[in-house]
Amino acid sequence: MKKSICAVLAILLCMTVFFAGCADNTTPGGVVDNSNAADAPVVNNSNAQSDIKIEEGESTVQNNLGTGVDLFIGGKYYLEGTIYSEGEAMPVAMATDGTNVQLTANISGISFGVLVLGDKTYAVLPKANTYTELSQMLINALGIEDSINVSEFQDIRNDQGDTDADITQYSVSINGDPGLCTIYTYDDTIVKLYSIGDKLIQVENYDLSGAMTMQIVVDSITSQIPSNQLTLKGIEEASVTSFIKAFMASISA
């Protein structure tokens, strides 16, 4: 099995740090000030975690993993859900074709996206229908240079060699319903996929010490990637200065 699943999860972690930084109105030198923003979906809580109740049962072996799990491990899908990481709960939409990745999050009412396309990474404002290349200059302007480096996105994306995983399975109870947990253990990470029949319910990522690094509650996952995902067609390119102005306008709107 290709290591693309690990690369996508690593990019998600990288993007979560990026989005959380953008939403942090206490960042010194940052341009973001959403202190008056209403209905902020980002939850600052060190214990933020999904409220799905899972109880582990006996070990099992099932060859039929269900459509949702097959799509996720296949690496070509469009997913909507909520990511929990580093004390943040963030509603997101994600598209990936196995090589490129696009993540769009709603931060304090602001729709903001990152697109890793080919050998470049872009920041996207869907509502303003504009984008700019994600450069260190933009990251500095957003005041999150201490949290992330633009090269991290491409470094992770390019590290997608073949890697074997040890696969184990357990029967589980998910909110009282019988389900399945399929665990992929790699040399540097552990991925748990929880499912009920064809529906993928939750994805969890752990380091080798057993500490959870990220959790994704899946609302929906489909093989049909929307035509406005993984592309820059129909979006207007902007300079960093113009992009920041559009970003600020979306905050004050």
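Because the structure is predicted, anything quoted here is derived from the model rather than measured. (Residues numbered from 1 in each chain as written. Predicted model: local features only at pLDDT ≥ 70, side-chain atom pairs only at ≥ 80, totals over all residues. Heavy atoms only, no water.)

Undergrad: Tell me about the nonpolar core, and please be specific about residues and values.
TA: Phe-18, Phe-19 and Phe-72 are the most contacted members of the largest nonpolar core, which has 55 residues in total. Per-element accounting of this core gives the leading share, 10 residues, to helix H1 (residues 4–23). Beyond its immediate chain neighbours, meaning those up to four positions away, Phe-18 contacts Phe-112, Val-114, Leu-134, Ile-139, Leu-142, Ile-144, Ile-148 and Phe-153. Among the nonpolar cores identified, the runner-up in size contains 12 residues, and Ile-52, Tyr-84, Tyr-194 and Tyr-206 belong to it. (Core = buried A, V, L, I, M, F, W, Y, C linked by side-chain atoms within 4.5 Å. Buried < 20%, exposed > 50% of the residue type's maximum accessible area, 1.4 Å probe, protein only. Helix = DSSP H or I, 4+ residues; strand = E, 2+ residues; numbered from the N terminus. Contact = heavy atoms within 4.5 Å.)

Undergrad: Tell me about the pairing of strand S10 (residues 190–196), residues and numbers included.
TA: For a regular strand, the rule is simple: side chains alternate between the two faces of the sheet. Counting buried positions over the seven residues of S10 gives six, a clear majority of the element. When strand S9 (residues 177–185) meets S10, the two strands line up antiparallel, connected through six bridges. Within S10, the residue paired with Cys-181 across the bridge is Tyr-194. In terms of strand pairing, S10 meets strand S11 (residues 199–206) through seven bridges, oriented antiparallel. (Pairing = 2+ DSSP bridges.)

Undergrad: I'd like a description of the layout of surface pockets, backed by residues and values.
TA: In this approach a probe as big as a water molecule rolls over the atoms, and the regions it shows empty are the leftover space. Taken as a whole, the largest pocket spans an internal volume of roughly 310 Å³. Lining the largest pocket are 20 residues, and of these Gln-102, Thr-104, Pro-126, Asn-228 and Gln-229 lie nearest its centre. Elements supplying a minimum of two residues to the lining of the largest pocket: strand S2 (77–85), strand S3 (88–96), strand S4 (101–107) and strand S6 (120–125). Across the lining of the largest pocket, the residue classes tally to 10 nonpolar, nine polar and one charged. (1 Å grid on protein atoms, 1.4 Å probe; cavity = no way out; pocket = protein on both sides within 12 Å on 5 of 7 lines; lining within 4 Å. Points joined across faces, edges and corners; volume = space filled by probe spheres on them. Nonpolar A, V, L, I, M, F, W, Y, C, P; charged D, E, K, R; others polar.)

Undergrad: Account for the pattern of salt bridges, with residues named and values stated.
TA: Per the counting criterion, the structure on display carries one salt bridge. Salt-bridge contacts for Glu-55 lead to Lys-53; the nearest nitrogen and oxygen are separated by 3.6 Å. According to the relative accessible area criterion, Glu-55 is partly exposed, its value standing at 43%. Judged by relative accessible area, which is 54%, Lys-53 ranks as exposed. (Salt bridge = Lys/Arg side-chain N within 4 Å of Asp/Glu carboxyl O.)

Undergrad: Give a detailed account of the environment of Tyr-77, specifying residues and quantitative values.
TA: Mapping Tyr-77 onto the fold places it in strand S2. Along the sequence, Tyr-77 and Ile-225 sit 148 residues apart, while their C-alpha atoms lie 6.2 Å from each other.

Undergrad: Which residues make up unusual backbone geometry, and what are the values?
TA: The residue Asn-129 is not glycine, and still its phi comes out positive at about 55°. Locating Asn-129 in the fold gives a position in the loop between S6 and strand S7 (130–133). A relative accessible area of 38% places Asn-129 in the partly exposed class. Not every positive phi belongs to a glycine, and Asn-175 is a case in point at roughly 50°. Structurally, the position occupied by Asn-175 is in the loop between strand S8 (166–174) and S9.

Undergrad: Account for the packing of aromatic side chains, with residues named and values stated.
TA: All chains considered together, the criterion is met by four aromatic pairs. Ring centres 5.3 Å apart and planes at 25° place the aromatic pair Phe-72 and Tyr-77 in the stacked group. Assessed through its relative accessible area of 2%, Phe-72 is described here as buried. With a centroid separation of 5.3 Å and an interplanar angle of 70°, the aromatic rings of Phe-112 and Phe-247 are classed as edge-to-face. Taken as a pair, Phe-112 in strand S5 (residues 110–117) and Phe-247 in helix H5 (residues 240–252) lie far apart in primary sequence, 135 residues in all. Neither Phe-112 nor Phe-247 differs from the other in exposure class; each is buried. The ring of Tyr-206 carries the charged tip of Lys-192 above its face, separated from the ring centre by 4.8 Å. (Phe/Tyr/Trp six-rings, centres within 6.5 Å; stacked < 30°, edge-to-face > 60°. Lys NZ or Arg CZ within 6 Å of the ring centre and 35° of its normal.)

These results come straight from atomic positions and should not be treated as a statement about function.
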